[in-house]
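Observations on chain architecture
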Amino acid sequence: MLVSPCIRIDTGHVGFTMERNDPLPPEIELAQLLQRCAARDPVAFRALYDRTSPILFARLLRMLRRRSVAEEALQEVYVRIWERAAQYEVHRGRALAWLVTIARYCAIDLMRRERLTLVGDDALAEVADENAAEPGAFEKPNHFDDCIGQLSQTTQHCLTLAFVEGRSHDEIARLTSNPLGSVKSWIRRGLISLKECLSAERQTA
Amino acid sequence: MKVSNRELLDRLSAEYVLGTLRGNARRHFERWLVSPQVREMVNSWEQRLAGLEPSLQKITPPARVWQGIEGRLELGRARRSTVRWLAIAASVLLAVFAIFTLRPPSPVLVATQRATIEADPQTIYWRVELLGNNQELSVKVLATHPLESGKAHELWILPVQGNPVSLGLLPVSGTQRLVLSAGQRAALAGARQLAVSVEPTGGSPTGLPTGPVIHVAPLSPA
């Protein structure tokens, strides 16, 4: 299991930007809070919520678009985090990634339950225009940029729509005006190429 | 567990993590997550695709979200209820202990389903039998399973839908019989697999597997 050197280096070396950019909470601190949540410590849970809910809320809004739905999802996410804190494996690190993954899966479940389908761009207006980049926020696998760059622009776009926006195959086909079959096969082949490229790069590194 | 098609499972893992595996297919796939091999595939894809994670400006949620969470989890009462929960857990354990150890041999019930929990066909750790159409469970130790101190093996039903349901702790020697509860019988209806996880002594504190799932065994008609 890889630890997350990227995040530690960022918070360590660029100390002057920490105040300005309101950095992500250190992984080690989140991991400790999660352990205390597993031991049913409500104070730790509140601290975890304070440090991470603005990150997860932004992520949920990106997928669910509507504030009311994203707020409901956020509640559900933290209920799951509290219930599953014992499943977080400290030795794996990546505490923030673990939390974001719970949020993503929760949003996907909610889309199904609410039968949320593609909403018009007007709904995007509900997301305040504050999506400025916060560099180095998440650890990327080594050579990720090289490997993703080898995929066609269309495939990259499909993968992003699925992962970042939570779009289904159908929605991606409609959004990009491409046949459903092509979208499915670009995604499938894109994932295979990405995996092959990342493991090849790891071997040569 | 025998994975008949690793490639297919890896593809499903990828689309599960990407988010394009939807609906019933997604829910069905989630039941595979108790398998350590599948969980490892999903973990690997989560790491690979983390590279797609966007950099977003934080957005502070309104206070009502926290109030809702606090209300749903009854956090104000969490500490007191922990103590109460421990007391309940202790009495349940005692009851289970009493059932396992004090119960006289039941009238003859015929085994209707079986599962063997094994490392390989030469090393069978436990033979599990469901008796009389899931009225009772019988577990026989055939070989001692290695176990760290302070840990126990817990047996789980993987129901057709929903979370695993505990069948209690596995014995370390001899044969144990357990009368199944209505909840356990309901979970067994249509279930095709049992699983074993490593838990703290006394069993999972959450009612769901918390430690690694080390075996998944198919149930077959006896």
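As a reminder, the structure under discussion sits directly above these lines.
Notes on the structure in this doc start here. The model shown is predicted, which means the values in this text are computed figures rather than measured ones.

So, about the nonpolar core. The biggest cluster of nonpolar side chains holds 39 residues, and the ones touching the most others in it are A:Leu56, A:Leu60, A:Leu64, A:Ala73, A:Leu74 and A:Ala107. With eleven residues, helix α4 (residues 42-64) of chain A is the single largest residue contributor to this core. Every residue in contact with A:Leu74, bar those within four places of it in the chain, is listed here: A:Ser53, A:Leu56, A:Phe57, A:Leu60, B:Pro61 and B:Val65. In terms of nonpolar packing, the next biggest core, distinct from the first, is built from 29 residues, A:Ile148, A:Trp186, A:Leu194 and B:Met41 among them.

The next subject is the pairing of strand β3 (residues 136-141) of chain B. All names here are of chain B. Looking at chain direction, strand β2 (residues 123-131) and β3 are connected through six bridges and run antiparallel. From the neighbouring strand, glutamate 129 faces β3, where its bridge partner is serine 138. Here β2 folds back onto β3 in antiparallel fashion, the turn holding four residues, of which glycine 132 has a positive phi close to 55°. Two elements, β3 and strand β6 (residues 175-179), share five bridges in a ladder whose sense is antiparallel. What sits directly across from glutamate 136, in β6, is valine 179.

Sheets are built from strands paired through backbone hydrogen bonds, the pairs being either parallel or antiparallel. All names here are of chain B. Judged by pairing direction, the sheet is antiparallel, and its four strands sit side by side in the order β5-β4-β7-β8 without closing on themselves. The open sheet has two edge strands with one neighbour each: β5 (165-169) and β8 (213-218). Across the sheet, the mean angle from the axis of one strand to that of its neighbour is 25°, orientation sign disregarded. The pairing of strand β4 (residues 151-158) with strand β7 (residues 193-200) spans eight bridges and is classified as antiparallel. In the strand pairing of β7, glutamate 154 is matched with serine 197.

In this section: helix α3 (residues 27-38) of chain A. Residues and elements named next belong to chain A. Counted at 1.5 Å a residue, the expected span for α3 with its twelve residues is 16 Å, and the 16 Å between its end C-alpha atoms agrees. Residues of α3 that are buried make contact with α4, α5 (67-84) and α6 (95-113). In the segment just after α3, arginine 40 is the residue with positive phi, at about 65°.

So, on to the packing of α3(A) against α4(A). Residues and elements named next belong to chain A. Following both chains from N to C, one finds α3 and α4 inclined at 140°, their axes separated by 8 Å at the closest point. For the pair α3 and α4, the crossing hand works out as left-handed. Counted together, Leu30, Leu33, Leu34, Arg36 and Cys37 of α3 and Ala44, Phe45, Ala47, Leu48, Arg51 and Thr52 of α4 form the full contact between these two elements. In the contact of α3 with α4, the residues fall into eight nonpolar, one polar and two charged.

Moving on, we get to the packing of α5(A) against α6(A). All names here are of chain A. Where α5 contacts α6, the two axes come as close as 9 Å, and the packing angle between them is 125°. With respect to α6, the element α5 is oriented oblique. The handedness of the crossing between α5 and α6 comes out as right-handed. Here α5 contributes Val69, Ala73, Glu76, Val77, Arg80 and Ile81 to the contact with α6, which in turn contributes Leu99, Ile102, Ala103, Cys106, Ala107 and Leu110. In terms of residue class, the contact of α5 with α6 is built from ten nonpolar, no polar and two charged.

Attention now goes to the interface of chain A and chain B. With 56 residues of chain A in contact, the opposing surface of chain B contributes 36 residues. Examining the composition of the side of chain A that touches chain B, we find that eleven residues originate from one element, α4(A), more than from any other. Tallied by class, residues from the side of chain A that touches chain B come to 34 nonpolar, nine polar and 13 charged.

Turning our attention to the pairing of β2(B). All names here are of chain B. Direction of pairing for strand β1 (residues 111-120) relative to β2: antiparallel, over a ladder of eight bridges. Bridged to arginine 114 within β2 is glutamate 129. A loop of two residues connects β1 with β2, the two strands running antiparallel in sequence.

This part takes up the environment of B:Gln184. Residues and elements named next belong to chain B. Here glutamine 184 shows up in helix α6 (residues 182-188). The class for glutamine 184 is partly exposed, based on 19 C-beta atoms found within 10 Å. Considering only alpha carbons, one finds glutamine 184 and proline 159, 25 residues apart in sequence, at a separation of 9.5 Å. In this structure glutamine 184 touches Ile157, Val165 and Leu167, once residues within four positions along its chain are discounted.

Conventions and cut-offs
- All residue numbers refer to position in the chain's written sequence, counted from 1.
- Written order determines the labels here, with chains lettered from A and ligands numbered from 1.
- The predicted nature of this model means local features are confined to residues of pLDDT at least 70 and side-chain atom pairs, given and counted, to a pLDDT of 80 or more, with totals for whole chains, interfaces and linings taken over all residues.
- Among buried residues, those of type Ala, Val, Leu, Ile, Met, Phe, Trp, Tyr and Cys that are joined through C-beta atoms within 7 Å form a set called a nonpolar core.
- Exposure classification rests on a simple neighbour count of other C-beta atoms within 10 Å of a residue's own: a residue reaching 20 or more is buried, one at 12 or fewer is exposed, and one in between is partly exposed. C-beta atoms are placed from the backbone.
- In this text, helices come from DSSP runs of H or I with a minimum length of four residues, and strands from runs of E with a minimum of two, each type numbered from the N-terminal end.
- For every residue pair, C-beta atoms are placed from the backbone, and the pair is scored as a contact if these atoms sit within 7 Å.
- Strand pairing is assigned whenever DSSP detects at least two bridges linking the two strands.
- A fitted line through C-alpha atoms represents every axis, and for helices the fit uses only the stretch in contact; the resulting angles, taken between N-to-C directions, go from 0 to 180 degrees.
- Helix span, as expected, comes to 1.5 Å for every residue beyond the first.
- Helix crossings are classified by the rotation of the near helix relative to the far one: an anticlockwise turn of less than a right angle makes the crossing left-handed, while a clockwise turn makes it right-handed.
- Following the grouping adopted for this structure description, the nonpolar residues are Ala, Val, Leu, Ile, Met, Phe, Trp, Tyr, Cys and Pro, the charged ones are Asp, Glu, Lys and Arg, and the polar ones are all others, Gly among them.
- The scheme is simple: roughly parallel for angles under 35 degrees, roughly antiparallel for over 145, roughly perpendicular for 65 to 115, oblique for anything else.

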